[in-house]
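Spelled out, the chains give:
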Amino acid sequence: MRLSDFHFDLPEHLIAHHPLTERRASRLLHLEGPSGQVEHRRFVDLLELLRPGDLMVFNNTRVIPARLYGRKETGGQLEILVERVLDAQRVMAHVRASKSPKVGSRIITEGGAVAVMVARHDALFELAFDEDVLALLERVGHMPLPPYIERADEPADRERYQTVYAQKAGAVAAPTAGLHFDQDMLQAITDMGVERAEVTLHVGAGTFQPVRVERIEDHQMHSEWLEVSEAVVEAVKACKARGGRVIAVGTTSVRSLETAARDGELKPFSGDTDIFIYPGRPFNVVDALVTNFHLPESTLLMLVSAFAGYAQTMAAYRAAVAEQYRFFSYGDAMFITRNPAATGPEDAA
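All of these numbers come straight from a predicted model, not from anything done at the bench.

Peer 1: Mind showing me how you'd approach the overall build of the protein here?
Peer 2: Check the secondary structure of the protein and you find eight helices and 17 strands. In summary, the protein has a C-alpha radius of gyration of 20 Å against a globular reference of 20 Å for 349 residues, a match within 12%. Oriented by its inertia axes, the alpha-carbon framework of the protein measures out at about 60 × 40 × 40 Å. Evaluated residue by residue, the protein yields a buried proportion of 54% over its 349 residues. Considering only intrachain contacts with a sequence separation of at least 6, the fraction spanning at least 24 residues in the protein is 73%. As displayed, the protein has an accessible area near 14,600 Å², and 49% of this comes from carbon and sulfur atoms. Computing the positive centroid from 37 side-chain charges and the negative centroid from 48, the protein places the two 3 Å apart.

What follows is the structure in structure tokens.
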């Protein structure tokens, strides 16, 4: 499969740079995977597409204000984007500066904290701070808005670039499918007899890295930490036993569940994953998916194509562009049912 197979033309004005006033006010494109049928709806119509006995799986990661500004002890300005928190005072981070800091050099950040560059690991820098790093980020850090949102973060992003059910701090990008849910909608889902479960996947900045190989099978995915608990495994088993559907909220929930079921059986899992799902890869757990619209040529678009079928997915994206849907993190959503006969671009001619 070629990277160019997953290209589509997106007018700049369809990229959502700000969230809507109400979380649930977004639109919803319903894609029936097996048939490719598309319906244009509102996000609140999701309640009509769910069934009692279904299980919705949410990613409860919490976005940290992971962007810090500072300067080298020698005076040069720099920017730190935390990729992963290692412990109370150490992180792995991207550092943007005119010259990369050397081992042992000191960085003075906003808020007066000092970080020492301990080691370099390929593109990432291991930094050790002189105070609790999560507390520092909460105090002076900036929300790490995606690179395609071409504005500085604003105070409102602290709340809106975060799901209402976020619990476990560690992500540097939001699991954006969850941004559409408010507490009233979550309660309505429970009231209609739909079960809920939560996994954790700390989304890394690598989610925005472009695929740089033309043959997508050669792409090496970035690594992210996740946890699928025994309680989630039991909830999925109970759902399947009663004939319900496992509905993943977001591609991160898909990646969590399918990582934990890589050998065909869902088991508790805690650790790193670099799972890359593209057309031809099987799905062992997930039956339906709530997701946002993804970037052209991205691994997330490839995952959706594997789930719904390449031809069905690309046709749905063309329909979304024609109907002026809002794209990416602060944009509109899709509800997709899995196509068990999904095929890739080689069969779409």
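Peer 1: When you look at the layout of surface pockets in this model, what are you seeing that I'm missing?
Peer 2: Gaps left between atoms show up when a probe the size of a water molecule is rolled over them. Of the pockets and cavities examined, the largest pocket occupies roughly 940 Å³. Lining the largest pocket are 37 residues, and of these Leu81, His94, Ala205, Gly206 and Gln209 sit closest to its centre. Mapped by element, the contributors of at least two residues to the lining of the largest pocket are strand S5 (67–72), strand S6 (77–85) and strand S7 (90–97). Sort the elements by how many residues they give to the lining of the largest pocket and S6 lands first, with five residues. Grouping the amino acids of the lining of the largest pocket by side-chain chemistry returns 17 nonpolar, 11 polar and nine charged. Estimated volume of the second largest pocket: approximately 190 Å³. Taken together, Pro147, Tyr148, Thr207, Phe208, Gln209, Pro210, Val211, Leu295, Pro296, Glu297, Ser298 and Thr299 make up the full set of residues lining the second largest pocket.

Peer 1: Looking at this model, I keep getting lost on empty space enclosed by the protein. Mind explaining?
Peer 2: The full count for this structure, using the stated rule, is three cavities of 30 Å³ or more. In this structure, the largest cavity encloses a volume near 310 Å³. Listing elements by their share of the lining of the largest cavity, those giving two or more residues are helix H6 (251–260), strand S16 (288–292) and helix H7 (299–308). If you tally residues by element for the lining of the largest cavity, the top one is H6, at three residues. Here the lining of the largest cavity is composed, by residue class, of 14 nonpolar, 12 polar and two charged. Empty space within the second largest cavity amounts to approximately 90 Å³. In terms of lining, the second largest cavity is formed by Pro19, Leu20, Glu22, Arg23, Ser26, Arg160, Leu179, His180, Arg326, Ser329, Tyr330 and Gly331. The residue inventory of the lining of the second largest cavity, partitioned by class, reads four nonpolar, four polar and four charged.

Peer 1: Hey, could you run me through H7 in this one?
Peer 2: Note: α-helices contain 3.6 residues per turn, so residues at a spacing of three or four share the same orientation. Taken across its 10 residues, H7 has 10 buried, putting it largely inside the fold. Buried residues along H7 sit against strand S1 (27–32), H6, S16, helix H8 (310–322) and strand S17 (333–337). Where H7 ends, the next residue or the one after it, glycine 309, has phi of about 105°, a positive value.

Peer 1: Hey, could you run me through the sheet that holds strand S8 (residues 106–109) in this one?
Peer 2: Sheet architecture is closed into a barrel: six strands sit in the order S5-S6-S7-S10-S9-S8, paired in antiparallel fashion. The mean inter-strand angle of the sheet, taken between neighbouring strand axes irrespective of direction, is 45°. Summarising the sheet, S5 and S6 pair through five bridges and their orientation is antiparallel. When the bridges of S6 are listed, leucine 68 appears paired with isoleucine 80.

Peer 1: How do you make sense of the side chain of arginine 41 when you look at a structure like this?
Peer 2: Position of arginine 41 among the secondary structure elements: in strand S2 (residues 37–42). Under the relative-accessibility criterion, arginine 41 is labelled buried at 18%. In terms of polar contacts, arginine 41 uses its side chain to reach the side chain of glutamate 48, at 2.3 Å.

Peer 1: Where do I start with the packing of aromatic side chains in this structure?
Peer 2: A ring pair, where both rings are aromatic, is described by two values, the distance of the centres and the angle of the planes. Counted under the stated rule, the structure contains 16 aromatic pairs. A ring pair is formed by phenylalanine 6 and tyrosine 310, whose centres lie 5.4 Å apart and whose planes are at 85°; its orientation type is edge-to-face. Taken together, the residues span a long stretch of sequence, with phenylalanine 6 in the segment before S1 and tyrosine 310 in helix H8 at a distance of 304 residues. Side by side, phenylalanine 6 and tyrosine 310 carry an identical accessibility label, which is buried. Consider the rings of phenylalanine 276 and tyrosine 278, whose centres lie 4.8 Å apart with planes at 55°: the pair is tilted. Note on phenylalanine 276: relative accessible area 6%, which makes it buried. Since its relative accessible area comes to 15%, tyrosine 278 is described here as buried.

Peer 1: Help me understand the packing of H7 against H8 in this model?
Peer 2: Axes are the key here: two packed helices are described by the angle between their axes and the distance separating the axes. Contact geometry for H7 and H8: axes closest at 6 Å, N-to-C directions at 120°. Viewed along their axes, H7 and H8 adopt a mutual orientation that is oblique. In this structure, H7 meets H8 at a crossing whose hand is right-handed. Across the interface between the two elements, Leu301, Val304, Ser305 and Ala308 from H7 touch Tyr310, Gln312, Thr313, Met314 and Tyr317 from H8.

About the cut-offs
Residues numbered from 1 in each chain as written. Predicted model: local features only at pLDDT ≥ 70, side-chain atom pairs only at ≥ 80, totals over all residues. Heavy atoms only, no water. Helix = DSSP H or I, 4+ residues; strand = E, 2+ residues; numbered from the N terminus. Rg over C-alpha atoms; globule rule 2.2 N^0.38 Å. Buried < 20%, exposed > 50% of the residue type's maximum accessible area, 1.4 Å probe, protein only. Contact = heavy atoms within 4.5 Å. Areas by Shrake-Rupley, 256 points an atom, 1.4 Å probe, with all protein chains shown as cover. Lys, Arg positive; Asp, Glu negative; His and termini not counted. Charge placed at Lys NZ, Arg CZ, Asp CG, Glu CD. 1 Å grid on protein atoms, 1.4 Å probe; cavity = no way out; pocket = protein on both sides within 12 Å on 5 of 7 lines; lining within 4 Å. Points joined across faces, edges and corners; volume = space filled by probe spheres on them. Nonpolar A, V, L, I, M, F, W, Y, C, P; charged D, E, K, R; others polar. Pairing = 2+ DSSP bridges. Axes fitted to C-alpha atoms, helices over the stretch in contact; angles between N-to-C directions. Polar contact = N/O pair within 3.5 Å; in protein donor to acceptor, adjacent residues only side chain to side chain. Phe/Tyr/Trp six-rings, centres within 6.5 Å; stacked < 30°, edge-to-face > 60°. Parallel < 35°, antiparallel > 145°, perpendicular 65-115°, else oblique. Left-handed = near helix turned anticlockwise from the far one by under 90°.

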